[in-house]
Amino acid sequence: MLNSFGSIMTFAIDLETRLRDYYEAAGNADRARECEKRRSNLERVRRENVTEIKLEPIAGLEAADYALPLADASAGGQQAAARVAAQFYQAVAPKINVREAQRALERCARQHQEAAG
Amino acid sequence: MVKKLKNYIGGSWVEASTSHYTPVINPATCETIGECPDSPAADVDKAVQAAKEAFEEWRRTPVLSRAQYMYRFKALLEDRFEDMVKIVVAENGKTRDEARGEVRRGIESVDFATAIPVIMRGYKTEDISSGIDETAERQPLGVYAAITPFNFPMMVPMWFLPTAIVCGNTYIVKPSPQTPLSMEIVYELLDELDLPEGVVNLVFGGKESSMAVMEHPDIVGVSFVGSTPVAKLVYETCAKHGKRVQAQGGAKNYIAVMPDANMEASVANIMGSVYGCAGQRCLAGSVIVAVGEAYEPLKAELVKRAGALRVGYGMNEESQMGTVISAAARERITGMIQQGVNEGAALVLDGRDVKVAGFENGTFVGPTILDKVQPDMTVAREEVFGPVMAIMQVPDFDAAVDVINRSHYGNAASLFTASGKHAREFKYRVRAGNIGINVGVAAATASFPFGGQKDSFFGDLHGQGLDALEFFTDKKILIERWL
């Protein structure tokens, strides 16, 4: 269940970690590096943008809807994984009410969308 | 083997001079996660002596150098951020996000302290009389101390300590014995800074050590955050002993909602205000004052949204509300809910029997709503400090302001509205120290003073912001003539 700022950010960090490992195993070092950069940035965003004044419950998002298809390491498989990641970021960004964090999630969505082709 | 906490005095971790320790309980798991010494007055005296000895050299350390320690402190806090979050959750019971918010606010106070070299400057006027100049310069005063509460174990001490020491004072923190572990990790990081011995000190304990802080002749100022009766005691005792004092007490925060408010956005924010930190914060919204036609749609949405909140162990990211601090707190809160019912309120959402799978012994109280609350009911007048919302209906804006101003507390009040006129009137007329307009948690950031009026604050200079600068320095006047 993705029902809070922290649960969404932690899911995103975990998603980038798994994608990084997946790309590394697939021999795609550039993509792996990009994932690591996003992971590190999302950790910073989680640290810096939780705001007591605007900490509100979030509804309508389920982690199960964004299960990464990581069995297939082919180019097509990598595109499919990036597509799921992009969908995740596109769905969660509007739910976050802190603009700085929203902007970071939107950037992740764009980058994964580009990777998805 | 459960860890026995040590005091930090004169740059070293030292055992308290006592055999009496209080267990530190994780309120969700009920595990003992530490043992907090009940330090006697003699240990407070040792800390004061160390701080006093450090003061003269520390105040001569250039303010720019003193501020440099804060940059390094911030870097360490950022590095250990999630470790501190876990400790706050474990000892306090709040959710991870709430703990993250707390730690962030603590770091913001460190950020503020790095600005002290700029804002600590004095001022000068030439020729106040022919050939005579007058200067006001700020000086630190000596040893300060804080007595801090369980509900924000990391953040509240940070409101005071960084500013105090960068201003050139030395410091002692006496945290709540219910939540001492957050300060232990903070002091581990302070220890890494290689500050001169005695600049910062930590004494764990309960009533005896608190009284020793208030009465010690060599402590020049005390900051306190806690309940109103204790805040009053701290204020009176410190004043009697010639100290500066800022004592923040309890609260009963009202949130008025006008019919023109954006209902969906308002309710989302009100949820965070009332149920955030399980209602255990002095800025928590507690009484919802529905104005006129706002009542029915507001009540329906509040009950729906509160009922959907996920109560659970704070360590789980999916938990939206954690525990209250202890079994005793739960008993007190559930007792006040029953009292509300006995006095005629309608219990429309009952969180008294909430159970969390896997944490059956945890001190959880679910979101609770009492409707048809009247101003003279206990639940409308007294602080519950738990996840309990009281709903009251009033006919118009003026009646809402009247009912809010009747409270003997004056910590915070909020108005949800689309009307600028009502917003201004609310800010102008409501007697509370922190006002929110379409904001349910009117929390001052580190560069603003944390307000409070009536029985919610005793003193004149508030914590944080420029008030903190005033509190931790004195202005010395120099009048000079060169013959």
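Treat the numbers as computed from the prediction; the structure is a model and nothing was measured.

> Requested: an account of the sheet that holds strand β6 (residues 132–139) of chain B, with residues and values cited.
All names here are of chain B. The 3 strands are arranged β5-β6-β22 in an open sheet whose pairing can be described as antiparallel. Two strands close off the open sheet at either side, each with one partner strand: β5 (123–129) and β22 (474–481). Shown here is a sheet whose adjacent strand axes are inclined to one another by a mean of 25°, direction ignored. By the bridge criterion, 8 bridges tie β6 to β22 in an arrangement that is antiparallel. For Q139, the partnering residue across the bridge sits in β22 and is D474.

> Can you tell me about the pairing of β6(B), naming the residues and giving the values?
When a strand is regular, its side chains alternate between the sheet's two faces. Residues and elements named next belong to chain B. Most of β6 is tucked away, with 6 of its 8 residues classed as buried. In the sheet, β5 pairs with β6 via 4 bridges, with the strands oriented antiparallel. Counterpart to Y123 in the pairing with β6 is A136. Hairpin geometry of β5 and β6 is characterised by an intervening segment of 2 residues between the two adjacent antiparallel strands and by a positive phi of about 75° at G131.

> With reference to specific residues and values, describe the interface of chain A and chain B.
Interface size is commonly expressed as the accessible area that is lost once the parts come together. Contacts between the two partners involve 18 residues from chain A and, on the opposite side, 24 residues from chain B. When chain A packs against chain B, close to 1900 Å² is buried across both sides, 51% of that on carbon and sulfur atoms. For the chain A face of the interface with chain B, the top three residues by lost area are A:R47, A:E52 and A:I53, together amounting to 37%. Here chain A and chain B share 2 salt bridges between them. In this structure, B:E78 engages A:R47 in a salt bridge whose closest nitrogen and oxygen atoms are separated by 2.8 Å. If you look at where chain A meets chain B, you find 11 residue pairs in polar contact (both at pLDDT 80 or more). Of all the secondary structure elements, the ones that give two or more residues to the side of chain A that touches chain B are α1 (5–25) and α2 (29–48) of chain A. Per element, the largest residue contribution to the side of chain A that touches chain B is 4 residues, and it comes from α1(A). Split by residue class, the side of chain A that touches chain B holds 7 nonpolar, 5 polar and 6 charged.

> Give me a nonpolar patch on the surface: which residues, what numbers.
All names here are of chain B. Together, I128, I477 and I479 make up a nonpolar patch on the protein surface, roughly 280 Å² of accessible area in all. Structurally, I477 is set in strand β22. The exposure class of I477 is partly exposed, given its relative accessible area of 48%.

> Tell me about the domain arrangement of chain B, and please be specific about residues and values.
Residue and element names in this part refer to chain B. For chain B, the assigned domains are domain 1 (7–249 + 456–481) and domain 2 (253–437). Distance from the C-alpha centre of domain 1 to the C-alpha centre of domain 2: 31 Å. For the pairing of domain 1 and domain 2, the buried interface totals around 2100 Å² over both sides, and the portion due to carbon and sulfur atoms is 58%. Where domain 1 touches domain 2, the interface holds 1 salt bridge. The shortest N-O distance in the salt bridge between R100 and E317 comes to 2.8 Å. Connecting domain 1 to domain 2 are 10 residue pairs in polar contact (both at pLDDT 80 or more). Of all the secondary-structure elements, those providing two or more residues to the side of domain 1 that touches domain 2 are α3 (81–92) and α4 (96–113). When residues of the side of domain 1 that touches domain 2 are assigned to their parent elements, the largest contribution, 5 residues, is made by α3.

What counts, and at which threshold
- Every chain begins its residue count from 1, and numbering advances along the sequence as written.
- Naming scheme: in the order in which they are written, chains are lettered from A and ligands are numbered from 1.
- Local features are withheld for residues below a pLDDT of 70 in this predicted model, meaning they are given only at 70 or higher, and side-chain atom pairs are given and counted only at 80 or more; totals for whole chains, interfaces and linings count all residues.
- Heavy atoms from the whole structure form the basis of all side-chain values; hydrogens and water molecules are not counted.
- What makes two strands pair is DSSP finding at least two bridges between them.
- Strands here mean DSSP runs of E at least two residues long; helices mean DSSP runs of H or I at least four residues long; both are numbered from the N terminus.
- Where helices are involved, their axes are fitted lines through C-alpha atoms of the stretch in contact, as for all axes, and angles between N-to-C directions lie from 0 to 180°.
- Only protein chains enter the calculation, and the probe is 1.4 Å; a residue is then buried if its accessible area is under 20% of its type maximum, exposed if over 50%, and partly exposed in between.
- Whether two residues are in contact is decided by their heavy atoms, any of which lying within 4.5 Å being enough.
- Buried area, as used here, totals the accessible surface that two parts lose on assembly, with accessibility defined by a 1.4 Å probe and the loss added over both.
- When a carboxyl oxygen of Asp or Glu lies within 4 Å of a side-chain nitrogen of Lys or Arg, that pair is called a salt bridge.
- Nitrogen and oxygen atoms within 3.5 Å of one another constitute a polar contact, given that in protein one can donate a hydrogen and the other can accept it, and given that sequence-neighbouring residues count only through two side-chain atoms.
- Nonpolar residues are Ala, Val, Leu, Ile, Met, Phe, Trp, Tyr, Cys and Pro. Charged residues are Asp, Glu, Lys and Arg, and all others, Gly as well, are polar.
- Residues form patches when they are more than 30% accessible in relative terms and have no salt bridge. Like charges link within 9 Å. Nonpolar side chains (Val, Leu, Ile, Met, Phe, Trp, Tyr) link within 5 Å.
- Method for areas: the Shrake-Rupley scheme with a 1.4 Å probe, in which residue coverage is limited to the protein chains shown.
- In this document the domain limits rely on a domain assignment from an automatic tool or a database.

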